[in-house]
Amino acid sequence: MSRRYDQRVTTFSPEGRLYQVEYALEAISHAGACLGILCSDGVVLAAERRNLSKLLDKRGRITRASEKMYEIDNHIGCAVAGITADANALIQKARLFAQRYLYTYNEPVPVEYLVQQIADAKQSYTQFGGLRPYGVSFLFAGWDRHLGYQLYNSDPSGNYGGWKAIAIGQHHAAANSMLRQEYPENPEAMPTMKDGMRLAAKVFAKTIDLSILDVEKLEFTRVCPLDACTNANILFHNVSDEELKSAFEEVKRELAQASGTENT
Amino acid sequence: MDTAISLAGKDFVLSAADVTAARSIVVMKEDQDKIQELDRFRLLSAGGDLGDVAQFTEYIQRNVHLYELRAGTSLSTRQIAHFIRGELARALRERPYEINLILGGYDQGEGTSLYYIDYLGSLHMMKYTAQGYAAYFVLSTLDRLYRPNMNLEEALEVLRACLDEMGRRFLLKQRHFMVKIADERGVRVLENAFVDASGTPTSSVTGAAAAAATS
């Protein structure tokens, strides 16, 4: 019976559901995991790299630097879970909007304003006939002068929200409950970027497995000052392999210690 | 024929403009407000074709408000200045607005700022500026008398000197001016900013209307 309401995206089922939108959400919960953590001195995004084939030509921008991370503007980056091709189309929209805003107002686009635009684009395909919705969720990390560092998610239904920490993609339920436990409740005690990166690594290690802590398998990006000392130049950029390796080592030691104490 | 003069003081922006609406050699009325209040903290003085002025300043005002509703934050004076410049530059290639503008405003945390914008789309941040024929007469006066960080009394004194100069050298006698201020309290009309020799106020719309009624 339900098939009658599957075919048209824009038709409610008798139970009041939009199946195509729900299927899109379901598809994303099997995509490679991404998570974001808001820190006192920046925002960190982390994602699982799925395509590890030796045959990949790693000179390309997409395949080497990033499978799931995209720069929208200097001060905003995003992580993608879902159909990469759909994500590309939306990212072009986001980049265009960011540059148009800069051209009109001579100032970088506020993060939420941009997220809202992308959410609106997604929403339109859950309503207007004949086309399928965008099968992609985003995590947006950014900085603006109004609210400082910010982290948002956006899903295929057109919903978006601001978060202190959030995971999307595979294992997102387990990862989110872990983030809820580990993220400090006191708003004064926000994690530093260093702690945030370690927390991200720990969540991956616990929800997938310890072997994921490998610079080949995880990618980390962040929005923070390029030079932590000057606090100027807040940019979206990749976390270097060296920095990642040392963070991973620390987390591995911590987890080994924890399991050691449990055993004794 | 319109006169607009603005200057930035210590923590406020002062904008003055004449209140004459004229066509050809006929004065239609003397209570035309040429200083649009864009929002709580921004003043946009406009001179030029009256129809264009009304259309354009209202268009800008509504867009500033729309942005606020959509984005949940308000535009800074600097952002509004760039938006106006962009709109004028776009219109220049289609059907130009024949208007020249001065934008002044107060921003929380940043203080006051003042921008000169003309119909060709040029945009300059200024400490003091004037539009219209007034510029030929009062810029030198402002060059001489303007000091940074003036208080309201001192700024009004400079403005008075400018209007005196206009009265002395400009062929057209513009008798009535409206003065508005933008500061941390918001924008408002300065009633009775100037009082002439007989003690009747000459600066505000109310002053102008009263003078017109008695003559």
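Predicted, not measured: the structure shown is a model, and the values here were computed from it. (Residues numbered from 1 in each chain as written. Chains lettered and ligands numbered in written order. Predicted model: local features only at pLDDT ≥ 70, side-chain atom pairs only at ≥ 80, totals over all residues. Heavy atoms only, no water.)

Draft legend 1. Looking closely at the sheet that holds strand S1 (residues 4-8) of chain B. Residue and element names in this part refer to chain B. Read from one edge to the other, the open sheet built from five strands follows the order S10-S1-S2-S11-S12, with strand pairing classed as antiparallel. Whereas interior strands pair on both sides, the edge strands pair on one side only; in this sheet they are strand S10 (128-131) and strand S12 (186-189). Looking at each pair of strands side by side, their axes are set apart by 15° on average, direction ignored. Pairing analysis gives five bridges linking S1 to strand S2 (residues 12-18), with the strands arranged antiparallel. Across the sheet, the residue bridging to Ile 5 is Ala 16, located in S2. Across the sheet, helix H3 (residues 134-145) lies against S1 and S10, angled at about 165° from S10, the strand it touches most. The strands that helix H4 (residues 152-169) touches are S1, S2 and strand S11 (177-183); relative to S2, the one it contacts most, it runs at about 25°. (Pairing = 2+ DSSP bridges. Helix = DSSP H or I, 4+ residues; strand = E, 2+ residues; numbered from the N terminus. Axes fitted to C-alpha atoms, helices over the stretch in contact; angles between N-to-C directions. Contact = heavy atoms within 4.5 Å.)

Draft legend 2. Fine view of unusual backbone geometry. At Asn106(A), a position not held by glycine, the phi torsion is positive, near 55°. With a phi close to 60°, Asn149(B) is a non-glycine residue in the positive phi region. Note on placement: Asn149(B) falls in the loop between H3 and H4. Here Asn149(B) falls in the exposed class, since its relative accessible area comes to 56%. (Buried < 20%, exposed > 50% of the residue type's maximum accessible area, 1.4 Å probe, protein only.)

Draft legend 3. Representation of the nonpolar core within the structure. Counting residues in each nonpolar core, the largest one holds 50 residues, and the members touching the most others are Ile37(A), Leu45(A), Leu213(A), Phe220(A) and Phe248(A). Ranked by residues supplied to this core, first place goes to helix H6 (residues 193-207) of chain A with eight residues. When near neighbours in sequence (up to four residues on either side) are disregarded, Leu213(A) contacts Ala201(A), Ala205(A), Leu218(A), Phe248(A), Val251(A) and Lys252(A). Grouped together as the second largest cluster of nonpolar side chains are 46 residues, Val109(A), Ala121(A), Val53(B) and Phe83(B) included. (Core = buried A, V, L, I, M, F, W, Y, C linked by side-chain atoms within 4.5 Å.)

Draft legend 4. Spatial organisation of the environment of Glu254(A). Positionally, Glu254(A) belongs in helix H7 (residues 241-263). By relative accessible area, which is 35% here, Glu254(A) ends up partly exposed.

Draft legend 5. Region of interest: the side chain of Ser6(B). All names here are of chain B. Along the chain, Ser 6 falls in strand S1. At 2.8 Å, the side chain of Ser 6 forms a polar contact with the side chain of Ser 15. With residues near it in sequence (within four places) discarded, Ser 6 still touches Leu 14, Ser 15, Ser 45, Ile 102, Leu 114, Tyr 128 and Thr 129. (Polar contact = N/O pair within 3.5 Å; in protein donor to acceptor, adjacent residues only side chain to side chain.)

Draft legend 6. Examining the side chain of Glu219(A) more closely. All names here are of chain A. Along the polypeptide, Glu 219 turns up in strand S9 (residues 218-225). Buried charged residue Glu 219 carries no salt bridge. Nearest counter-charge: Arg 49, at 4.3 Å. Polar contacts involving the side chain of Glu 219 include one to the main-chain amide nitrogen of Lys 68, which spans 3.3 Å. (Lys, Arg positive; Asp, Glu negative; His and termini not counted. Salt bridge = Lys/Arg side-chain N within 4 Å of Asp/Glu carboxyl O.)

Draft legend 7. Geometry of the interface of chain B and chain A. Across the contact, twelve residues belong to chain B and ten residues belong to chain A. Summed over both sides, the interface of chain B with chain A buries roughly 1000 Å², with 46% coming from carbon and sulfur. Counting across the interface, chain B meets chain A through zero salt bridges. Summed over the shared surface of chain B and chain A, the number is seven residue pairs in polar contact (both at pLDDT 80 or more). (Buried area = accessible area lost by both parts, 1.4 Å probe.)

Draft legend 8. Representation of the pairing of strand S8 (residues 111-117) of chain B within the structure. Residue and element names in this part refer to chain B. Most of S8 sits out of view: six of its seven residues are buried. One ladder, built from seven bridges, connects strand S7 (residues 99-107) with S8; its direction is antiparallel. Counted as the bridge partner of Gly 104 is Leu 114 from S8. One ladder, built from four bridges, connects S8 with strand S9 (residues 123-126); its direction is antiparallel. Each residue of the ladder has a partner; that of Ile 117, found in S9, is Leu 123. In textbook terms, the turn of a hairpin is the stretch between consecutive antiparallel strands, and for S8 and S9 this stretch comprises five residues, one of which, Gly 121, has a positive phi near 90°.

Draft legend 9. The environment of Lys127(B), seen in detail. Residue and element names in this part refer to chain B. Position of Lys 127 among the secondary structure elements: in the loop between S9 and S10. The spatial distance from the C-alpha of Lys 127 to the C-alpha of Ser 113 is 7.6 Å, given a sequence separation of 14 residues. Apart from residues no more than four positions distant in its own chain, Lys 127 is found in contact with Leu 7, Ala 8, Leu 114 and Tyr 146.

Draft legend 10. Representation of the sheet that holds strand S8 (residues 165-168) of chain A in the model. Residue and element names in this part refer to chain A. Within the open sheet, the five strands sit side by side as S8-S1-S2-S9-S10. Their pairing is antiparallel. Since the sheet does not close on itself, it has two edges, and those belong to S8 and strand S10 (234-238), each with one partner. On average, each strand axis in the sheet is tilted by 10° relative to the strand beside it, whichever way the strands run. Across the sheet, helix H5 (residues 172-182) touches strand S1 (34-39) and S8, and the angle it forms with S8 is around 170°. Along the sheet face, H6 touches S1, strand S2 (42-48) and S9 and points at about 20° away from the line of S2.

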